[in-house]
Amino acid sequence: MGRVCEATPAAELVLPDHEGSAREARDFLTRAYCSVHHARVLDEAQLLVSELVTNAVRHGGPPVRVRVECDGTAGLQVSVSDGHPAPPVRRDVPPDAEGGRGVALVDIISDRWGVSSAGRGKTVWFVLS
């Protein structure tokens, strides 16, 4: 991302591989996000990290990690890593579907996002300015 924020250091959390991990990831962001530069994007970051962690637990597998960092100018970056190399797929789902909107929400709400290889797994990241 660039120069790390001097107000808030980068933080990382390893999550258990279960459905409650999305709530733990939201709580982690509440404690770790940069309140100096990005106080207005916490709600959006919590929604998106919840979607990505849920996908990681359901489709990716352990280890599931969340990382948050700020560079003070380019935005708040949140990354979710898991143990499966297949990238997430954006799906078009009917309005009454119970799931399948996670990647679409990340695409619509974030300023930018992407996927990178991480050893035998992958990292899905997004930036909110």
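See the structure shown above.
Keep in mind it's a predicted model, so treat the numbers as computed, not measured.

Some details on the packing of helix α1 (residues 21–32) against helix α2 (residues 42–60)
In the contact formed by α1 and α2, the axes pass within 8 Å of each other and the chain directions differ by 145 degrees. The way α1 lies across α2 gives a crossing that is right-handed. Two secondary-structure elements touch here, α1 through Ser21, Ala22, Ala25, Arg26, Leu29 and Thr30 and α2 through Leu42, Ala45, Gln46, Val49, Ser50, Val53, Thr54 and Val57.

Some words on the side chain of Ser79
Locating Ser79 in the fold gives a position in strand β3 (residues 76–82). Not counting residues within four places of it along the chain, the set of residues in contact with Ser79 comprises Arg65, Val66, Arg67, Thr123, Val124 and Trp125.

Looking at the nonpolar core
Core analysis: the biggest nonpolar cluster contains 30 residues, and Val49, Val53, Val66, Val68, Val80 and Phe126 have the highest contact counts within it. Looking at which element gives the most residues to this core, the answer is α2, with eight residues. Ignoring any residue separated from it by four or fewer positions in sequence, one finds Val68 in contact with Ala10, Ala11, Phe28, Leu29, Ala32, Tyr33, Leu76, Gln77 and Val78.

Regarding the pairing of β3
Most of β3 sits inside the fold, with seven of its seven residues counted as buried. Residue alternation in β3 divides its side chains into two sets, Leu76, Val78, Val80 and Asp82 and Gln77, Ser79 and Ser81, and both sets are buried. The pairing of strand β2 (residues 64–70) with β3 spans six bridges and is antiparallel. Residue pairing for β3: Glu69 is matched across the bridge by Gln77. Between the antiparallel neighbours β2 and β3 lie five residues, among them Gly72 with a positive phi of about 85 degrees.

Considerations on α1
A rise of 1.5 Å per residue sets the reference length of α1, with its 12 residues, at 16 Å; its end C-alpha atoms lie 16 Å apart and thus fit the reference within 8%. Those residues of α1 that fall on the buried side of the exposure criterion are Ser21, Ala22, Ala25, Phe28, Leu29 and Ala32. Around the axis of α1, the buried residues are gathered within 115 degrees of arc, so they sit on the same side. Looking at the buried residues of α1, the elements they touch are β1 (11–15), α2, β2 and β3.

Re the sheet that holds β2
Taken in spatial order, the five strands line up as β1-β2-β3-β5-β4 in an open sheet, and their pairing is antiparallel. The open sheet has two edge strands, β1 and β4 (112–118), and neither has a second partner. Here the average twist between neighbouring strands, direction ignored, is 15 degrees. Summarising the sheet, β4 and strand β5 (residues 121–128) pair through seven bridges and their orientation is antiparallel.

Some details on α2
Restricting attention to buried positions, one finds in α2 the residues Leu42, Ala45, Gln46, Leu48, Val49, Ser50, Leu52, Val53, Thr54, Ala56, Val57 and Gly60. Looking at the packing, one finds that the buried side of α2 touches β1, α1, β2, β3, α3 (102–109) and β5. Once α2 finishes, Gly61 follows within two positions and takes phi at roughly 90 degrees, a positive value.

Rules behind the numbers
- Residues numbered from 1 in each chain as written.
- Predicted model: local features only at pLDDT ≥ 70, side-chain atom pairs only at ≥ 80, totals over all residues.
- Heavy atoms only, no water.
- Axes fitted to C-alpha atoms, helices over the stretch in contact; angles between N-to-C directions.
- Helix = DSSP H or I, 4+ residues; strand = E, 2+ residues; numbered from the N terminus.
- Left-handed = near helix turned anticlockwise from the far one by under 90°.
- Contact = heavy atoms within 4.5 Å.
- Core = buried A, V, L, I, M, F, W, Y, C linked by side-chain atoms within 4.5 Å.
- Buried < 20%, exposed > 50% of the residue type's maximum accessible area, 1.4 Å probe, protein only.
- Pairing = 2+ DSSP bridges.
- Expected span 1.5 Å × (residues − 1).
- Arc of directions from axis to C-beta.

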